[in-house]
Amino acid sequence: MQTSVEKYPALVLNADYRPLSYFPLSLWSWQDTLKSVFLDRVNIVSEYDRIVRSPSFEMRLPSVICLKRYVKQGKQPAFTRFNVFLRDGFRCQYCGSPEELTFDHVLPRRLGGQTSWENITTACAPCNMKKGGRLPREVSMFPEIRPYIPTPQMLNHQGRGFPPNYLHESWRDYLYWDTELEE
């Protein structure tokens, strides 16, 4: 029994053979992958055993593709809740808990604090409630890491610590090849 072709995403590598993104992992659907193959925008690096057919054509589904043109990373990542959590390692910066995550304005909005990379930190709901709209020194609650603007490379590096639930064997050689080996 063959499984649905929906279960065959392709890992997308930049022209330097590094994933476009580690978290979320840069994956394309089989349809987007085949479209890019036919438009000659990618090279096929590895394939699944699964074959797709039309009346006049058949091919194995690509499991790893590499862009022919290098996509330059932006200088600053999007300011999103997800990216703040990723920057902070999906942990409350006050107590270290990974549960009930939200974000906190280090300098409260009522005191002029902005919703920006440099003023938002990850907090669990209990710590956020405890700190409330007060300054860190007023409640002796200081974030473990002072909020900062991460680079896309920093977020990619941080994302490597959170592997996806599913990794096809053909992807492994391209995901962590530049990590330092232990002696």
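Since this is a predicted model, take the numbers as computed values, not measurements. (Residues numbered from 1 in each chain as written. Predicted model: local features only at pLDDT ≥ 70, side-chain atom pairs only at ≥ 80, totals over all residues. Heavy atoms only, no water.)

*Asks:* Help me understand the overall build of the protein chain in this model?
*Replies:* Tallying secondary structure elements over the protein chain gives six helices and six strands in all. Moving toward the C terminus, one meets the helices and strands of the protein chain in the order β-β-α-β-β-α-β-β-α-α-α-α. Relative to the globule expectation of 16 Å for 183 residues, the C-alpha radius of gyration of the protein chain, 21 Å, shows a markedly less compact shape. Seen through its C-alpha atoms, the protein chain measures out along the principal axes to roughly 70 × 40 × 35 Å. A total of 183 residues make up the protein chain; the buried ones form 42% of that total. For the protein chain, contacts bridging at least 24 residues in sequence account for 63% of all contacts bridging at least 6. Working note: accessible area of the protein chain is about 11,500 Å², and carbon and sulfur atoms make up 52% of it. (Helix = DSSP H or I, 4+ residues; strand = E, 2+ residues; numbered from the N terminus. Rg over C-alpha atoms; globule rule 2.2 N^0.38 Å. Buried < 20%, exposed > 50% of the residue type's maximum accessible area, 1.4 Å probe, protein only. Contact = heavy atoms within 4.5 Å. Areas by Shrake-Rupley, 256 points an atom, 1.4 Å probe, with all protein chains shown as cover.)

*Asks:* So what exactly am I meant to see when it comes to helix α1 (residues 30–38) here?
*Replies:* Three or four residues apart is the spacing at which side chains of an α-helix point the same way, because the helix has 3.6 residues per turn. All buried positions along α1 are accounted for by Trp-30, Thr-33, Leu-34, Ser-36 and Val-37. Considered in projection along α1, the buried side chains sweep an arc of 160° and stay on one side of the axis. Opposite the packed face of α1, turned more than 90 degrees from it, sit the exposed residues Lys-35 and Phe-38. Tucked into the core, α1 has its buried residues touching β1 (10–13), β2 (27–28), β3 (42–54) and β4 (57–67). Two residues or fewer past α1, Asp-40 is found with a positive phi of approximately 60°. (Arc of directions from axis to C-beta.)

*Asks:* Help me understand the pattern of salt bridges, please; the structure alone is not making it clear to me.
*Replies:* Close approach of charged atoms allows side chains of opposite charge to pair. Under the definition given, this model contains seven salt bridges. With its nearest N and O atoms 3.8 Å apart, the salt bridge here joins Arg-60 to Glu-47. Taken together, the positions of Arg-60 in strand β4 and Glu-47 in strand β3 put the pair 13 residues apart, joining distant regions of the chain. Judged by relative accessible area, Arg-60 falls into the partly exposed class, the value being 34%. Asp-88 serves as the salt-bridge partner of Arg-87, at 2.8 Å between the closest nitrogen and oxygen. When its relative accessible area of 3% is taken as the criterion, Asp-88 is described as buried. Here the residues in one salt-bridge network are Glu-47, Asp-49 and Arg-60, joined through shared partners. (Salt bridge = Lys/Arg side-chain N within 4 Å of Asp/Glu carboxyl O.)

*Asks:* Whenever I open this one, the nonpolar core confuses me. Can you help?
*Replies:* Burial of nonpolar side chains together is a common tendency in soluble globular proteins. Membership of the largest hydrophobic core comes to 23 residues, with the highest contact counts inside it found for Leu-11, Leu-61, Trp-171 and Leu-175. Sort the elements by how many residues they give to this core and β4 lands first, with six residues. When neighbours within four sequence positions are excluded, Trp-171 is seen to be in contact with Pro-9, Leu-11, Leu-25, Leu-27, Tyr-48, Ser-63, Val-64 and Tyr-166. Tyr-94, Cys-127, Val-139 and Met-141 belong to the second-largest nonpolar core, a separate cluster that totals eight residues. (Core = buried A, V, L, I, M, F, W, Y, C linked by side-chain atoms within 4.5 Å.)

*Asks:* I keep staring at the side chain of Asn-128 and nothing clicks. Help me out?
*Replies:* Position of Asn-128 among the secondary structure elements: in helix α3 (residues 125–131). Those residues in contact with Asn-128 that sit more than four places away from it in its chain are Thr-102, Phe-103, Asp-104 and Ala-123.

*Asks:* Is there a simple way to think about the state of the cysteines in this case?
*Replies:* What makes a disulfide is a covalent bond joining the sulfur atoms belonging to two cysteines. According to the stated counting rule, one finds zero disulfides in the structure shown. Residue Cys-92 stays outside any disulfide, its sulfur separated by 3.8 Å from that of Cys-95, the closest cysteine. (Disulfide = S-S within 2.5 Å.)

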